[in-house]
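Notes for the structure review
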Amino acid sequence: MAGVVAVVLLAEAVFIAALNWFLGVVVDRQDMSLAGLDPGVMSTSSKIGGVVFGLYFALCALVAALVAVRDRAPAGLGRVLLISAAVVHGLLGAFAWGLVGWTAFLFMVVVLGLIVLLLMTYDRAGGPEGAAPGGTPGEGAGPGARAEPGAAPAGAGAPVSRTDEPQDGDDEPQDSVPARIIVPVPTTP
């Protein structure tokens, strides 16, 4: 799935860069001006904008390709890049609906959905269940790792080790919040 996102983002990077470059060439050859702006500046800025956005989407495609190769969630700057690409596609989709048409809007929404799906599919599992087995107890050890009976805890906040002997209260499940009963109030007189 991440490979599909990488291919789509790379194709989009090439398309955006080529389209802006083409528009810059058209403005330069037609010697067009908008509200008295210099055509050379408009042409150059269009080309620079195309290259910058093309590199941005290519970098996002690289992050998606790394997610596909490593088969784990993006972290740090890569995650921020993918989130920002999702936001950009949402905004471009909103503008595309009014300016270009529903097909461009549909494309932007599909790419937005693919990026969000990539971010949600490879979301990291929190807590000790997602940690690698082994290590010292209390410091990222897996659920199967336990301290030896009678051993000192690993840190000040580390849980005390348990043996397989029943403890007080093990027979019944305990709720951390007592149940509250709320009596419904009649709404009709």
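For the structure given in this document, a descriptive report is provided here. The shown structure was predicted, so the numbers you read here are calculated from the model rather than taken from an experiment.

This paragraph deals with the side chain of Lys47. As for its position among the elements, Lys47 is in helix 2 (residues 39-70). For the buried Lys47, no salt bridge exists, and the shortest N-O distance to an oppositely charged side chain is 5.0 Å, to Asp28. Apart from the residues lying within four places of it in its own chain, the contact partners of Lys47 are Asn20, Trp21, Gly24 and Val25.

Right, let's talk about a nonpolar patch on the surface for a bit. A contiguous nonpolar surface patch, about 650 Å² in accessible area, is contributed by Ile83, Val87, Leu91, Phe95, Leu99 and Val100. Mapped onto the elements, Phe95 comes out in helix 3 (residues 77-99). What makes Phe95 exposed here is its relative accessible area of 55%.

By size, the foremost hydrophobic cluster in this structure holds 24 residues, and its most contacted members are Val5, Leu9, Cys60, Leu82, Ile115 and Leu118. Leu118 has contacts with Met1, Ala2, Val5, Ala64, Val67 and Leu82, leaving out every residue within four places of it along the chain.

As a further point, take the packing of helix 3 against helix 4 (residues 102-121). Between helix 3 and helix 4, the least distance of the axes is 8 Å, while the angle of their chain directions is 160 degrees. With respect to each other, helix 3 and helix 4 are oriented roughly antiparallel. Crossing geometry of helix 3 relative to helix 4 is assigned as left-handed. Where helix 3 abuts helix 4, its residues Arg79, Leu82, Ile83, Ala85, Ala86, His89, Gly90, Leu92, Gly93, Ala96 and Trp97 lie against Trp102, Ala104, Phe105, Met108, Val111, Leu112, Ile115, Val116, Leu118 and Leu119. Partitioning the contact of helix 3 with helix 4 into residue classes produces 17 nonpolar, three polar and one charged.

Here is what the cut-offs are and how they apply
- Residues numbered from 1 in each chain as written.
- Predicted model: local features only at pLDDT ≥ 70, side-chain atom pairs only at ≥ 80, totals over all residues.
- Heavy atoms only, no water.
- Helix = DSSP H or I, 4+ residues; strand = E, 2+ residues; numbered from the N terminus.
- Buried < 20%, exposed > 50% of the residue type's maximum accessible area, 1.4 Å probe, protein only.
- Lys, Arg positive; Asp, Glu negative; His and termini not counted.
- Salt bridge = Lys/Arg side-chain N within 4 Å of Asp/Glu carboxyl O.
- Contact = heavy atoms within 4.5 Å.
- Patch = residues over 30% accessible without salt bridge, like charges linked within 9 Å, V, L, I, M, F, W, Y side chains within 5 Å.
- Areas by Shrake-Rupley, 256 points an atom, 1.4 Å probe, with all protein chains shown as cover.
- Core = buried A, V, L, I, M, F, W, Y, C linked by side-chain atoms within 4.5 Å.
- Axes fitted to C-alpha atoms, helices over the stretch in contact; angles between N-to-C directions.
- Parallel < 35°, antiparallel > 145°, perpendicular 65-115°, else oblique.
- Left-handed = near helix turned anticlockwise from the far one by under 90°.
- Nonpolar A, V, L, I, M, F, W, Y, C, P; charged D, E, K, R; others polar.

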